[in-house]
Amino acid sequence: MPFTSLGLSKEISRAVAEKGYTEPTPIQQQAIPAALAGNDVLAGAQTGSGKTAGFTLPILHLLSDKSIKGPSEGRPPIRALILVPTRELAQQVEESIIDYGQYLKLNSMVMIGGVSINPQIQRLRSRVDILVATPGRLLDHVGQNTVDLSQIRLLVLDEADRMLDMGFIRDIKKIMALLPQKRQTMLFSATFSPEIKAMASEFLNNPAIIETSAPNSAAARITHKVHPVETSQKRMLLAHLIKEHSWYQVLVFTRTKHGANRLADYLEDQGIPALAIHGNKSQATRTRTLAQFKDGSLQVLVATDIAARGLDIIDLPHVVNYELPNVPEDYVHRIGRTGRAGKTGDAVSLVAADEFKLQQAIERVLKMKLEVEIVPGFEAKNIPRASQTPPRKQNNNARKVVSQDIKSEQSKFSPKPNSLRSMLKANGEKKLGTVEKNKEHNEQMRKSINRKPHTAALFSSPTRNKNK
Ligand code: AMP
């Protein structure tokens, strides 16, 4: 399907073509027409699926279209609000808006914490069409009466699951209360927990429900590898792997901020340029570090989960789990940094004996065994038996690319009984395809809602319906 068939304006299509995109990704194929038609959208989308363009392109189109153009006289108000969990993601979303909107006369602004509020107050005195904000700083502005949200017509809740994980639900509810009832809302989330469904039920009105059959299938072509190792040997092994394989642009995850600092220092001592990025670093440092990493001048970035969320680094070849995450879903988020936009990538985990249970939990979520490879010279003494399974036979010269198929992608999205897909399936549909199909599904779902009280909450929005 060519981009031109989506109905986007020629200015936007031109900017997209200049980015080198030839075809819309599955999420874009569905989300863009649904949003252009004025629907609320509830979308299951991982980072790496192309979701950002899935909501920024229709926003740009709608705002430059007469329907939401704003008053003909005077300065137009802020008409689109994009709420995101992290500062880095906010900056990346705005970069996309600038890129895709380069031939339009629309202005965007990033509103994030960790930097002085005064330049933001200053900026708000001039025209802002699209505001990309993290919830805390937006509420600071609300408290100081420096932002007017009363004319918001388009709202995006991006990475809604992560916003809930980070404890933003109260802030989001406060912000929602300030927005006009008459608006179009799009909610993007990688997973669909009961909390996300409750949120969708409360904030969305009759949404187009979008879940692509394999959100990352083209993008997530990732080799997973586990190296069993003693905890005390991990840093030596990491330095060895980086040097041995001449890895560049390596994103390493640690569990703690101190651990990240210590590891970055050690790698530096070993002659490997490395910096840490985490919540204790100032926003300016985080932005600078990320820029160095993106332009290739910094070889290794050591990050905690929260800091790394939303990093959009094109063609990131190596992700290393220096420690496995406590929550298996975080493994999925972490490896979402590599193998993006059709590229391949390596996800390497250094696993000590006491992390084996975490490895098993990850394997259950992914529905596949991770390949285990012992690195000579770094053998762990207490490797649990089960993790010693020899790796599957393969041609050593060939990169083993594990294409994450629908099964593992489904498990990424949500546990079985709660996934949108399984709810739709329960209503007699096998696979989601086009938006038209979705409409049909949604209709079926709505009809069946009367019979299925537990799913009804997700698809009806009593509060907003009343007011709309
Ligand atoms: P996202 O999931 O929005 O973070 O996007 C992941 C990456 O895919 C970004 O680097 C985008 O620039 C890239 N991307 C988005 N849409 C497309 C497309 N249609 N074709 C190729 N790459 C894309």
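Below or above, wherever it landed, is the structure these notes cover. (Residues numbered from 1 in each chain as written. Predicted model: local features only at pLDDT ≥ 70, side-chain atom pairs only at ≥ 80, totals over all residues.)

This part covers the overall build of the protein. When helices and strands are counted, the protein shows 20 helices and 15 strands. Every one of the 468 residues in the protein was classed for burial, and the buried ones make up 47%. Partitioning the contacts of the protein with sequence separation of at least 6, the portion at a separation of at least 24 is 76%. (Helix = DSSP H or I, 4+ residues; strand = E, 2+ residues; numbered from the N terminus. Buried ≥ 20, exposed ≤ 12 C-beta atoms within 10 Å, placed from the backbone. Contact = placed C-beta atoms within 7 Å.)

Taken together, 7 strands build an open sheet; the order of strands is E3-E4-E2-E5-E6-E1-E7 and the sheet is parallel. Two strands close off the open sheet at either side, each with one partner strand: strand E3 (108-111) and strand E7 (208-211). Shown here is a sheet whose adjacent strand axes are inclined to one another by a mean of 15°, direction ignored. Across the sheet, helix H6 (residues 135-143) is in contact with strand E2 (80-83), E3 and strand E4 (130-133); its angle to E3 comes to roughly 100°. (Pairing = 2+ DSSP bridges. Axes fitted to C-alpha atoms, helices over the stretch in contact; angles between N-to-C directions.)

Glancing now at the nonpolar core. Counting 70 residues, the largest nonpolar core has Leu 81 and Leu 131 as the members making the most contacts within it. Here this core gets 7 residues from one element, more than from any other, and that element is helix H3 (residues 51-64). In this structure Leu 131 touches Ile 78, Ala 80, Leu 81, Met 109 and Met 111, once residues within four positions along its chain are discounted. Listed in part, the 41 residues of the second largest apolar core include Ile 222, Ile 242, Ile 277 and Val 320. (Core = buried A, V, L, I, M, F, W, Y, C linked by C-beta atoms within 7 Å.)

Another aspect to go through is the pairing of strand E9 (residues 250-253). Because side chains alternate across E9, one face comprises the buried residues Val 250 and Val 252, and the other comprises Leu 251 and Phe 253, equally buried. Relative to strand E11 (residues 300-303), E9 is paired through 4 bridges, and the arrangement is parallel. Pairing of Val 252 across the sheet is with Val 302, part of E11. Looking at chain direction, E9 and strand E12 (residues 318-321) are connected through 4 bridges and run parallel. Across the sheet, the residue bridging to Val 252 is Val 320, located in E12.

This part covers the packing of H3 against helix H4 (residues 87-100). Look at H3 against H4: their axes get within 10 Å of each other, and the N-to-C directions meet at 50°. As judged from the angle between their axes, H3 and H4 are oblique. Of the two possible hands of crossing, H3 and H4 adopt the one that is right-handed. From H3, Thr 52, Ala 53, Thr 56, Leu 57 and Leu 60 reach across to H4, where they touch Val 93, Ser 96, Ile 97 and Tyr 100. Of the residues assigned to the contact of H3 with H4, the class counts are 6 nonpolar, 3 polar and no charged. (Parallel < 35°, antiparallel > 145°, perpendicular 65-115°, else oblique. Left-handed = near helix turned anticlockwise from the far one by under 90°. Nonpolar A, V, L, I, M, F, W, Y, C, P; charged D, E, K, R; others polar.)

Right, let's get into the pairing of strand E5 (residues 154-157). Of the two faces of E5, both are covered, the one formed by Leu 154 and Val 156 as well as the one formed by Leu 155 and Leu 157. In the sheet, E5 pairs with strand E6 (residues 184-189) via 4 bridges, with the strands oriented parallel. Paired with Val 156 across the strands is Met 186, a residue of E6.

Here we take up unusual backbone geometry. Phi is positive for Asn 145, which is not a glycine, with a value near 60°. If you trace the backbone, Asn 145 turns up in the loop between H6 and E5. One non-glycine residue, Gln 249, lies in positive phi territory at about 45°. Counting through the fold element by element, Gln 249 comes out in the loop between helix H10 (234-244) and E9. According to the C-beta neighbour criterion, Gln 249 is partly exposed, with 19 such atoms within 10 Å.

If you trace the backbone, Met 186 turns up in strand E6. Sequence separation between Met 186 and Ala 208 is 22 residues; the distance between their C-alpha atoms is 9.3 Å. Leave out the neighbours within four places in its chain, and Met 186 touches Ala 35, Asp 40, Val 41, Ala 43, Phe 55 and Val 156.

Its location among the elements puts Val 351 in strand E13 (residues 344-351). Owing to 25 C-beta atoms within 10 Å, Val 351 belongs among the buried residues under this scheme. With 117 residues separating them along the chain, Val 351 and Lys 234 place their C-alpha atoms 8.5 Å apart. Not counting residues up to four positions away in its chain, the partners in contact with Val 351 are Val 226, His 227, Pro 228, Leu 324, Phe 356 and Gln 359.

Below, the discussion takes up the packing of helix H2 (residues 26-36) against H3. At a closest axis distance of 9 Å, the pairing of H2 and H3 adopts a crossing angle of 25°. As far as their axial angle goes, H3 and H2 are roughly parallel. Remark: the crossing between H2 and H3 carries right-handed chirality. Of the residues in H3, those in contact with Ile 27, Gln 28, Ala 31, Ile 32, Ala 35 and Leu 36 of H2 are Lys 51, Ala 53, Gly 54, Phe 55, Leu 57, Pro 58 and His 61. Counted by class, the contact of H2 with H3 contains 9 nonpolar, 3 polar and 1 charged residues.

Time to look at H10. Those residues of H10 that fall on the buried side of the exposure criterion are Lys 234, Leu 237, Leu 238, Leu 241 and Ile 242. Down the axis of H10, the sector holding all buried residues measures 130°, keeping them to one side. Exposed side of H10, more than 90 degrees from the buried face: Lys 243 and Glu 244 are the residues found there. Of the residues trailing H10, Ser 246 is marked for its positive phi of about 50°. (Arc of directions from axis to C-beta.)

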